[in-house]
Each structure stands twice: as structure tokens, then as C-alpha cells.
Amino acid sequence: MSRFSNLGHRLYQGEVSFDFVGRRKLWYSISGVIVLVAAIGLAMGLHLGIEFKGGSVYTVSKPGLTVSQAQETADGIVSSHPLVQSTDSGKIRIQVSTEETKSSDEIRSELSQKLSVPLDTVEAQVIGPSWGKQISQKALTGLIVFMVLVTVYLAIAFEWRMAVAALVALIHDLLITIGVYALVGFEVTPGTVIGFLTILGYSLYDTVVVFDTVKENTKGLTKQNKRTYSDAANAGLNQTLVRSLNTTVVALLPVAALLFIGGGFLGAGTLNDISLALFIGLAAGAYSSICVATPLLAQLKEEEPEMKALRKRVLQHRAAAAAKGETEEGVLGDEESADEEQPAGMVGQRGRSAGTARAKGRPSTKR
């Protein structure tokens, strides 16, 4: 841990630096592949929950009843592939889609008979598709309003290029999370929507922290000729790198516990909808703030005439410094070669000067 803290200090001081901005083509390629895979999953379709597509939900309370037993029983009653899950309270939840031809009372009665439970212990709830459509429209409206407000805020607080870069990172995170959700086949519920909005807020927060550091590093940048905008942006990214990684790890630990232990090991399936969205979204948000948002911001800024002129001056300055260094190295090498080529008993000018200097600092042996 002390080594990691020392690395963070060295990154902040600029003693160590990873060139994230300079490798932006690599990050763009990786993001492109991930987004393409996510798009393929999204094209396959999302498994919408009953809250969005409508249907009926039956909750059965019976000690010792397992999900597999309830699934086998439900499959024998309905023909529309019911979804069976266990709830946090130990009850069994059976979802039946609107495609089922049997009425709710018939399904409820058959579940009571085949599971050998009283009829009043089988709770039924019917949700119409119109209600689910309203929920979907409101969720989409909320997402669009969120994106617009974020863009306006960043454009005012920072500048429009930062707003564009942050918006691209948010869309990047959203596409990846939804695509993975579609590939895994988890059910999309209102909890999933909450998870989506949460990860967008986290991703935005992480990006704004990096952008604020970049903004501080680029003040008065055009008054010097040693660093380009990309250099300054990469320095700011390295200064916040350890902080971003620490924040992401701390945020992922409880979410991973919900997903893998609560949802996977303990079988609480109702936790999967929000925990998977949070887990994928938090990881994608950390990646996008480092490898997408900041490199894209630097690319947009480098298109400005002032930044183009600055880059030209910086490159000229570096070329001149490199040429000067080569000249000095060549002169020193020629002088040393001249001294070595002189006959025995003779010393070059540099040797005489050095000998004279040593003689001046040494007491005479003459009496």
C-alpha cells in the first residue's frame, strides 16, 4: 500500500507519467470494439421486466419451496415461459407475460392446488402494458433531460469542448452497460433504470474531477513553449489517476458483494437488476474518464489555432534543444579524441588546463 501511495505522489509531482493522451487511438479502438459488441447485444433485444411490458405477478409463500420446484410447477400451468425468482423475504415470485391466455384467477387457483398451499397465500398482481409504456417514456424523458442539463452545465462551468467530451463519455458508458445487460439476459426493471442514472452521475463526477485538474494545468499555457495542450492534459490525468482508481475500487467492492454474493451465491435474484448495472457502469465510467473523455478533449483543443501555433513552437523548441545537445556532445567527443591521439609526453589544451588547475590547488614540493 505504501508503494501505491508513493506512486500516487510521484504521478502528482510528474516524476512518473503514463501517456494516456498520446495513445488515444488505442483507447478509441478498444472502446469501438466494446461498443460494437454491446450494440450487437442490444440488437438482440432487452429482456424487459413486467413493469415495462405488462403481465401478472404471483407471489407464493411456502416454507421449503425452492425456485426449481416453483419453476417446474409454473411451466406445467402456463405456456408463456414464466420467470421464477426468490425474493429477499423468502417468498417465490412468478412472472407471467401478457401473452398467456389463461386468466389470473385460473393461474392462481392452479398454483394453489399444485403447490399445496392455501389460496389466500398466493398473491396476484396484474400490470397492464399501458402502464409499462408510460414508465418507459418517463424514464427516457428523464435520461434526455439529464443529458441536456449536464451538457449545459459543463459548457457554462468549463467550455463546450469539455461538455462534448463528457457527453460522449456518458453515451459510451450507457451503451456498454445496456449492451452487456442485453448479452447477459438479465431482466430490466425500475431498479435497473435507477442503476443506469446512478452510473451516469458517477461517470460525470469522475470526469469533472479530471477536467478541473486539466483546467488548472492549462492556465496561461500559450505563454510558454515547453508543453502542448496534450502534454498538460496528460499531466492532469496522471495527477488524478490514483484518486480515480481508489474511488472506483471502493465503489465496486459493495456492488460486487451484491452481485456475486447476494445475487449469485445466496440466490437473491432481485438484486441482480441494479447490481449488474452499477458494476458494469462504474467500471466503464472509470475507463471512459481516463481513456475517452480526456484524450477526446485534448484532440478537440488541439484543433484550435492558438493550440496549433503552440504545438508548432513547442516542437521547434524541442528540435532546437535536441540539436544543441547533439552539437555539445560532438564537440566534447572531438576534444577527447584529440587528447588521446597526441604523442606520449604531450597533453592537449584541456589536459594542460586540467593539470594547471590541479597544480594550483596542490602545495609546491620545492624548498
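Before reading on, note that the structure itself is shown above.
Side note on the overall build of the chain
- On a plain count of helices and strands, the chain comes out with 13 helices and 6 strands.
- Out of the 367 residues belonging to the chain, those deemed buried represent 39%.
- Restricting the contact set of the chain to residue pairs at least 6 apart, pairs at least 24 apart contribute 74%.
- Carbon together with sulfur atoms contributes 61% to the accessible area of the chain, which is approximately 20,700 Å² in total.

Re the environment of Ile-178
- Structurally, the position occupied by Ile-178 is in helix H7 (residues 160-184).
- A relative accessible area of 16% means that Ile-178 is categorised as buried.
- As for Ile-178 and Ala-38, which are separated by 140 residues in sequence, their C-alpha atoms are 7.3 Å apart.
- Ignoring any residue separated from it by four or fewer positions in sequence, one finds Ile-178 in contact with Leu-42, Leu-46 and Phe-196.

Details of the pattern of salt bridges
- Taken as a whole and judged by the stated rule, the model has 10 salt bridges.
- Here Lys-102 ties to Glu-110 by a salt bridge, and the two come within 3.2 Å at their closest N and O atoms.
- Overall, the relative accessible area of 27% leaves Lys-102 in the partly exposed class.
- Classification of Glu-110 by relative accessible area gives partly exposed; the value is 21%.
- Note that Asp-231 is salt-bridged to Arg-318, the shortest N-O span being 2.6 Å. Taken together, the residues span a long stretch of sequence, with Asp-231 in helix H9 (residues 229-239) and Arg-318 in helix H12 (residues 305-341) at a distance of 87 residues.
- For Asp-231, a relative accessible area of 28% gives the class partly exposed.

Considering the packing of helix H2 (residues 24-44) against helix H11 (residues 272-301)
- Direction vectors running N to C along H2 and H11 enclose 125°, while the axes themselves pass 10 Å from each other. Judged by the inter-axis angle, H2 sits oblique to H11. Between H2 and H11 the crossing geometry is left-handed. On H11, the residues touching Arg-24, Trp-27, Tyr-28, Ile-30 and Ser-31 of H2 are Tyr-287, Cys-291, Val-292, Pro-295, Leu-296 and Gln-299.
- When the residues that make up the contact of H2 with H11 are grouped by side-chain class, the tally is 8 nonpolar, 2 polar and 1 charged.

Some points on the sheet that holds strand S4 (residues 92-97)
- Overall, antiparallel pairing links the 4 strands, which are arranged S3-S4-S2-S5 in an open sheet. The sheet is open, and its two edges are formed by strand S3 (83-86) and strand S5 (122-127), each paired on a single side. Within this sheet the neighbouring strands show an average axis-to-axis angle of 20°, counted without direction.
- Pairing geometry for strand S2 (residues 55-60) and S4, over 6 bridges, is antiparallel.

Overview of a nonpolar patch on the surface
- On the surface, a nonpolar cluster with roughly 670 Å² of combined accessible area is contributed by Val-33, Leu-36, Val-37, Ile-40, Met-44, Leu-183 and Val-184.
- If you list the elements that add at least two residues to the nonpolar patch, you get H2 and H7.
- At 5 residues, H2 tops the list of elements feeding residues into the nonpolar patch.
- Looking at the secondary structure, you find Val-37 in helix H2.
- On the accessibility criterion, Val-37 (42% relative accessible area) is partly exposed.

Thoughts on the side chain of Asn-234
- Considering the arrangement of structural elements, one finds Asn-234 in helix H9.
- The class of Asn-234 is buried, set by a relative accessible area of 7%.
- Sequence-distant contacts of Asn-234, that is, excluding residues within four places in its chain, are made with Ser-17, Phe-18, Asp-19, Phe-20 and Val-21.

Things to note about unusual backbone geometry
- Positive phi outside glycine occurs at Ser-116, with the angle close to 55°.
- By the element assignment, Ser-116 lies in the loop between helix H5 (104-114) and S5.
- With a relative accessible area of 60%, Ser-116 lands in the exposed category.

So, the packing of helix H8 (residues 190-217) against H11
- At a closest axis distance of 8 Å, the pairing of H8 and H11 adopts a crossing angle of 25°. Here H11 runs roughly parallel to H8, going by the angle between their axes. For the pair H8 and H11, the crossing hand works out as right-handed.
- Partitioning the contact of H8 with H11 into residue classes produces 14 nonpolar, 11 polar and 2 charged.

Let's talk about the nonpolar core
- Membership of the largest hydrophobic core comes to 47 residues, with the highest contact counts inside it found for Phe-20, Leu-154, Leu-174, Phe-211, Tyr-229 and Leu-297.
- Elements represented by at least two residues in this core include exactly helix H6 (129-157), H7, H8, H9, helix H10 (241-265), H11 and H12.
- Setting aside chain neighbours within four positions, we find Phe-20 in contact with Trp-27, Asn-234, Leu-237, Asn-238, Leu-241, Ile-290, Cys-291 and Pro-295.
- Counting 16 residues, the second-largest nonpolar core is a separate cluster that includes Ala-70, Val-78, Val-96 and Val-122.

With respect to the pairing of S4
- In terms of residue burial, S4 counts as a mostly covered element, since 6 of its 6 residues are buried.
- Where S3 meets S4, 4 bridges bridge the pair, whose relative direction is antiparallel. Bridged to Ser-86 within S4 is Ile-92.

Calculation criteria
Residues numbered from 1 in each chain as written. Predicted model: local features only at pLDDT ≥ 70, side-chain atom pairs only at ≥ 80, totals over all residues. Heavy atoms only, no water. Helix = DSSP H or I, 4+ residues; strand = E, 2+ residues; numbered from the N terminus. Buried < 20%, exposed > 50% of the residue type's maximum accessible area, 1.4 Å probe, protein only. Contact = heavy atoms within 4.5 Å. Areas by Shrake-Rupley, 256 points an atom, 1.4 Å probe, with all protein chains shown as cover. Salt bridge = Lys/Arg side-chain N within 4 Å of Asp/Glu carboxyl O. Axes fitted to C-alpha atoms, helices over the stretch in contact; angles between N-to-C directions. Parallel < 35°, antiparallel > 145°, perpendicular 65-115°, else oblique. Left-handed = near helix turned anticlockwise from the far one by under 90°. Nonpolar A, V, L, I, M, F, W, Y, C, P; charged D, E, K, R; others polar. Pairing = 2+ DSSP bridges. Patch = residues over 30% accessible without salt bridge, like charges linked within 9 Å, V, L, I, M, F, W, Y side chains within 5 Å. Core = buried A, V, L, I, M, F, W, Y, C linked by side-chain atoms within 4.5 Å.

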